[in-house]
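# Structure assessment
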Amino acid sequence: MSVDASLVYRLQQLIAADAHRRPLLEAVRSLVLPDAWIGAGFVRNAVWDALHGRAATAPHSDIDVIWFDPVRCSPEHDAELEARLAAALPGPQWSVRNQARMHLRNGDAPYASATDALRYWPETATAVAVRLTQTGDVVVAAPLGLQDLWQGVLRPAGAFATVKRAQFVARVHGRGWLERWPLLRLAAAEDAIE
């Protein structure tokens, strides 16, 4: 799927200007992990706040760090990385997951990279991640595009449009997204991305 360059630029500018998110990105970069990103609510919530004309709020939870290394893919190694991040920046709730093993938990075919793993996330607006380069530039990974994220559309992706549809619906309602961000809208069931 091609990603609209203007939407990538908007996201890069939004994240680069966010004083709450920058130190978290720097902390992840300091770990020097292969194919490492921060995704999900870290990105999604910043965009949804912007769409609602709200100032950026500091992320305290939903800080999903993904990376990819088939050699170091034990849960214990991820726990060690979480501890290192918590020591460097106490307060936020870090979640570190090496995507080289997560296909087993999710019942998917093996992922080829962290970006490939994003294609299997529940909704298109969540399947977005960012990272900092060594020179401080924000890089965006969005294998399912950025249109839904910037348009406030909640659209299930992959198996969450079919066999895992109930999980998608439970996520949307259980997390209170439609109440917190009232301009969001659910995509029609037939408009899911598979």
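Look a little higher up for the structure.
A short tour of the structure in this document, coming up. (Residues numbered from 1 in each chain as written. Predicted model: local features only at pLDDT ≥ 70, side-chain atom pairs only at ≥ 80, totals over all residues. Heavy atoms only, no water.)

This brings us to the sheet that holds strand 4 (residues 129-132). Pairing is mixed in the open sheet, where five strands are placed in the order 3-2-1-4-5. The sheet is open, and its two edges are formed by strand 3 (94-98) and strand 5 (138-141), each paired on a single side. Averaged over neighbouring strand pairs, the angle between their axes works out to 30° when direction is ignored. Of the pairings in the sheet, the one linking strand 1 (residues 37-39) to strand 4 comprises two bridges and is antiparallel in character. Residue pairing across strands places Gly 39 opposite Ala 129, the latter belonging to strand 4. Strands strand 1, strand 2 (63-67) and strand 4 of the sheet are contacted by helix 3 (residues 41-51), whose axis makes an angle of about 50° with strand 1. (Pairing = 2+ DSSP bridges. Helix = DSSP H or I, 4+ residues; strand = E, 2+ residues; numbered from the N terminus. Axes fitted to C-alpha atoms, helices over the stretch in contact; angles between N-to-C directions. Contact = heavy atoms within 4.5 Å.)

Here the focus is helix 4 (residues 75-88). Across its 14 residues, helix 4 extends 20 Å between first and last C-alpha, which sits within 8% of the 20 Å expected from 1.5 Å per residue. Buried residues belonging to helix 4 abut helix 2 (22-30), strand 2, strand 3 and helix 5 (99-106). (Expected span 1.5 Å × (residues − 1).)

Another point: the pattern of salt bridges. For the structure shown, the criterion picks out ten salt bridges. Close ionic contact of Asp 78 with Arg 101 constitutes a salt bridge, the shortest N to O distance being 2.6 Å. In this pair, Asp 78 is assigned in helix 4 and Arg 101 in helix 5, connecting sequence segments 23 residues apart. The partner of Asp 148 in a salt bridge is Arg 155, with the nearest N and O atoms 2.6 Å apart. This pair shows no difference in class: Asp 148 is buried, exactly as Arg 155 is. (Salt bridge = Lys/Arg side-chain N within 4 Å of Asp/Glu carboxyl O. Buried < 20%, exposed > 50% of the residue type's maximum accessible area, 1.4 Å probe, protein only.)

As far as function goes, none of this settles anything; it's purely spatial.
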